[in-house]
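Listed here are the chains, written in short residue letters.
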Amino acid sequence: MEEVVVIIGAGPAGLASSACLNRLGIPNIILEREDCYASLWRKKAYDRVKLHLAKQFCELPYMPYPPNLPMFVPKNDFISYLDNYASHFGINPRFHCSVESVYYDKIASKWCILVKNTNLQTTEVYIAKFLVVATGENSEGLIPKVPGLDGFEGMFMHSSQYENGKDFVGKNVLVVGCGNSGMEIAYDLFYWGAHTSIVARSPVHVVSKEIVFLGMCLLKYLPYRLVDFIAITASKINFGDISKYGIQRPTEGPFYIKATTGRSPTIDVGAVQKIKTGEIQVFPSIACIKGNEITFENGKSKQYDAIIFATGYRSTVLDWLKDGKELFNGNGMPKLRFPNHWKGENGIYCAGFSQKGLMGISVDAQSIAADIGLAWKGTTYDVIGGPYSVLQLNMAMVLKSCEELALQACIATSACLNRLKIPNIVFEREDCCGSLWKKRTYDRLKLHIPKQYCELPYMPYPSNAPTFVPRNGFIAYLDEYVSHFVVIPRYNRSVEHAFYDADAGKWRIEVKNVFSHAREVYVAQFLVVATGENAEGVIPDVPGLAGFAGEYMHASQFSNGRKYSGKDVLAVGSWNSGMEISYDLCQSRYMWSQRKCSEKKEKAVFPILSQSAVAFSALRAHGCINSA
Ligand SMILES: Cc1cc2nc3c(=O)[nH]c(=O)nc-3n(C[C@H](O)[C@H](O)[C@H](O)COP(=O)(O)OP(=O)(O)OC[C@H]3O[C@@H](n4cnc5c(N)ncnc54)[C@H](O)[C@@H]3O)c2cc1C
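All residue numbers refer to positions counted from 1 along the written sequence of the respective chain. Residue-level local features of this predicted model are given only where pLDDT is at least 70; pairs of side-chain atoms are given and counted only at 80 or more, and the full residue set underlies all totals for whole chains, interfaces and linings. To obtain the side-chain values, all non-hydrogen atoms of the structure were used and water was disregarded.

Q: What is the right way to read the overall build of the chain from this model?
A: When you go through the chain residue by residue, the secondary structure sums to 15 helices and 27 strands. Looking at the chain as a whole, 49% of its 628 residues qualify as buried. Sequence-distant contacts in the chain: of pairs separated by 6 or more residues, those separated by 24 or more amount to 65%. Looking at the chain as shown, the accessible area adds up to about 29,900 Å², and 53% of this sits on carbon and sulfur atoms. In DSSP terms, a helix is any run of H or I states spanning at least four residues, a strand is any run of E spanning at least two, and both are numbered starting from the N terminus. Relative accessible area decides the class of each residue, using a 1.4 Å probe on protein chains only: under 20% of the type maximum gives buried, over 50% gives exposed, and in between gives partly exposed. The contact rule is simple, with two residues in contact once any of their heavy atoms fall within 4.5 Å. Only the protein chains shown count as cover for residues, and all accessible areas are computed by the Shrake-Rupley method using a 1.4 Å probe.

Following this line, the structure appears as structure tokens:
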């Protein structure tokens, strides 16, 4: 069977991808090994589970939750939401289709998908131009190797098999793992009258749902470190020092860990109180099991009737994906980090592997549909030595290289075009939007103009944002803007040439993929250039600069003055960047260098260009810079 797009997996990521494709009119089918969609939630999630994040952070594209649902949506309501979602977007997965093997046929330039129909016990082959892998991070429950587990005389299971504590009343049960599932199952067992213990091997942050919600909201305006500090302080006030009960905290903060590894903090559902009263016991790792007796690393032993392993999952993608593996690492998780992790070579995509839960799924699905939408209209042929993908697009095309004004102009233009439903694409040579602000501005920077004069169309700053929005606040605003108006730039695309083809009456734009070095040619009716004034820092020709023995750099490479404390520094240029950097250096000097005055001084110079090089009198008067 030949298809345009095959999606493997009918969990939230598969449904969201299909919905986004359907909205663009791109034919697609979903293959699902189970007899229903959302099987993880229907069959492998315990009764008590609720979404751990507030509902506004768990929406799939284009469908909010009903307003009457609680902030933390219970399992059955989430399943109903997915039922409505599938019916609203006309999604009918093919059930009992277990994908056994997938490879890329280079001659046909198509994906071949071998499927076992578990109902009919037949094998089917699907051929597709595009393949979306949406089989999730939780395909298979993981039970670690524990010495003696094979001889354990009680029963053991993975958390994905646990429904509720009905069968464990009055029994001694050990839960292994103190992540979200472990803590919630331990509480559930206690609630049903089991004598419950929990193994807390790794350090975890335990926080309340409310703190997580507050943190997620604050992250839009404050840096991670500050939000982490608030969250840790709040949970210490809430729970006290839980390390004395055997649960250690990691050295990094909960939101930093979530952002860098995807691991969520453990949300308390009531277990902490029971741990504090001793009604749920905490033990370190299991050392060994003999019969019914389990011995822990601290030398203590206890008899158990059952063990529940809440020890996580693994993705099975590498078991059946023959080609396209380059997208994933040895754990079956994407090698590339967000936001580019979803795209591989030859039309393969992965949805729902961002480790950002349902929020990440929503972004993946929209990015994938937009990308397939563009490529689907194209054809591929060879021109002078290399494959060129030529897209005939009757659309506006927005070029951008992410500079201060360009950034706003570009994102805003795309948002305005989106509002008018005019198809458009944005090219960005960096791997993120707002790269000038994210990568090339100093820490101290704030918008120099009051916020009401710095708004992009149709979105004011939050009312509690300060008048002069700091760098992180502005970055958060841009991220929010891009997500709200579904502006999905094609990242890592550097525009090399653009010229007007008078015969065709169209613009021809040649773009280089900075990762694969593949060249792509786009043809568009309209072209918006929003590459900004600040594409490249300028350092003037200063006689003797090449032989300067100290360090020199452009303002765009400067983060803060900490490492220059006690040194003699010349800032060249006295407009906003120059003056602010000088002030930062001066502050660093006061803050960090009092004790270093007698140290050997090294010279550094910061040419800050297109500005006067010598208006330093005020700073010089304070003795903060050296007017060499
Ligand atoms: C208990 C629990 C609670 C959670 N709570 C939250 C939360 O509060 N917020 C949040 O954002 N995230 C939460 N998550 C994360 C969870 O990963 C997502 O909610 C979501 O279910 C992931 O969707 P998915 O479509 O990527 O994967 P899944 O839901 O796992 O769907 C993948 C589908 O692919 C199918 N499949 C796998 N292999 C094959 C194959 N070879 N052939 C055909 N079909 C195949 C599976 O049967 C499955 O239906 C939770 C996860 C668990 C386990």
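Q: How should I be thinking about the packing of helix 1 (residues 12-23) against helix 3 (residues 75-88) in this particular structure?
A: Each pair of packed helices gets described by two things: the angle between the helix axes and the distance between those axes. In this description, a line fitted to the C-alpha atoms serves as the axis of each element, helices being fitted only across the stretch in contact, and the angle between N-to-C directions of two axes falls anywhere from 0 to 180 degrees. Where helix 1 contacts helix 3, the axes come no closer than 10 Å and their chain directions differ by 25°. By the angle between their axes, helix 1 is roughly parallel relative to helix 3. Once helix 1 is placed against helix 3, the crossing between them reads as left-handed. Side by side, helix 1 and helix 3 meet where Pro12, Leu15, Ala16 and Ala19 of the first sit next to Phe78, Leu82, Tyr85 and Ala86 of the second. In these notes the angle categories are as follows: under 35 degrees is roughly parallel, over 145 is roughly antiparallel, 65 to 115 is roughly perpendicular, and the rest is oblique. Left-handed describes a crossing in which the near helix is turned anticlockwise from the far one by less than a right angle; the clockwise case is right-handed.

Q: Would you mind showing me how to read the pairing of strand 5 (residues 122-133) here?
A: It is a general feature of regular strands that their side chains alternate between the two faces of the sheet. The pairing criterion is simple: DSSP has to find at least two bridges between the two strands. Bridge count between strand 1 (residues 2-8) and strand 5: six bridges; the pairing is parallel. Bridged to Glu3 within strand 5 is Ala128. Where strand 4 (residues 110-117) folds back on strand 5, the antiparallel hairpin that results is connected by four residues, among which Gln121 adopts a positive phi of roughly 55°. The pairing of strand 5 with strand 18 (residues 348-350) spans three bridges and is parallel. Paired with Val132 across the strands is Tyr349, a residue of strand 18.

Q: Explain the confidence of the model for the chain here, please?
A: Do not read the fine detail of predicted coordinates wherever pLDDT is low. For the chain, the average pLDDT comes to 82, and 86% of its residues sit at 70 or higher. pLDDT under 50 marks residues 379-397. Its contacts with residues more than four places away, or in other chains, come to 54 contacts. Within a predicted model, pLDDT stands for the predictor's per-residue confidence, ranging from 0 to 100. A low-confidence stretch, residues 592-628 stays under pLDDT 50, and its non-local contacts, those more than four residues away or across chains, total 88 contacts.

Q: Is there a simple way to think about the site of the ligand in this case?
A: If even one non-hydrogen atom of a residue comes within 4 Å of a molecule or strand, that residue is called near it. Taken together, 30 residues are adjacent to the ligand, and Ala13, Glu32, Trp41, His52 and Leu358 come closest. As used in this structure description, the phrase polar contact means that two N or O atoms lie within 3.5 Å; if the pair is within protein, one of them must be able to donate a hydrogen and the other to accept it, and residues adjacent in sequence are counted only when both atoms belong to side chains. Trp41 places a polar side-chain atom, nitrogen or oxygen, 2.8 Å from an oxygen atom of the ligand. Between His52 and the ligand, the recorded distance is 2.4 Å, taken from a backbone N or O atom to an oxygen atom. Contact with the protein chains covers 93% of the free accessible surface of the ligand, which is 990 Å². For the shell around the ligand, the elements supplying multiple residues, two or more each, are helix 1, helix 2 (39-43), strand 3 (97-105) and helix 10 (357-376).

Q: Sorry if this is basic, but what is going on with the nonpolar core here?
A: A general feature of soluble globular proteins is that nonpolar side chains tend to end up buried together. Nonpolar core, defined: a set of buried Ala, Val, Leu, Ile, Met, Phe, Trp, Tyr and Cys residues in which side-chain atoms within 4.5 Å join the residues together. Counting residues in hydrophobic clusters, the biggest one holds 83 residues, and the most contacted among them are Phe78, Tyr85, Phe168, Met183, Ile247 and Ile372. Here the bounds of each domain stem from an automatic or database domain assignment. Both domain 1 (2-139 + 315-378) and domain 2 (141-313) contribute no fewer than three residues apiece to this core. Among the nonpolar cores identified, the runner-up in size contains 31 residues, and Met459, Val482, Phe558 and Tyr564 belong to it.

Q: Got a minute to help me understand unusual backbone geometry in this structure?
A: Backbone geometry follows two general trends: most residues other than glycine have a negative phi, and most peptide bonds adopt the trans configuration. At Ala38, a residue that is not glycine, the phi angle is positive and equals roughly 55°. With respect to the helices, strands and loops of the structure, Ala38 is situated in the loop between strand 2 (28-31) and helix 2. For Asn346, which is not a glycine, the phi torsion comes out positive at approximately 60°. With respect to the helices and strands, the residue Asn346 is situated in the loop between helix 9 (317-320) and strand 18.

Q: I'm lost on the pattern of salt bridges in this one. Help?
A: Here the idea is simple: oppositely charged side chains can pair when their charged atoms come close. Here, a salt bridge means any Lys or Arg side-chain nitrogen found within 4 Å of an Asp or Glu carboxyl oxygen. One pass over the structure, following the stated rule, counts 13 salt bridges. Here Lys43 makes a salt bridge to Asp35, at a shortest N to O gap of 2.9 Å. Classification of Lys43 by relative accessible area gives partly exposed; the value is 40%. Residue class for Asp35 comes out partly exposed when judged on its relative accessible area of 43%. Notably, a salt bridge pairs Asp47 with Lys75, separated by 3.9 Å at the nearest N-O pair. You can see Asp47 sitting in the loop between helix 2 and helix 3 and its partner Lys75 sitting in helix 3, a full 28 residues away along the chain. Under the relative-accessibility criterion, Lys75 is labelled buried at 9%. Each of Glu34, Asp35 and Lys43 takes part in salt bridges that share partners, so that together they form one network.

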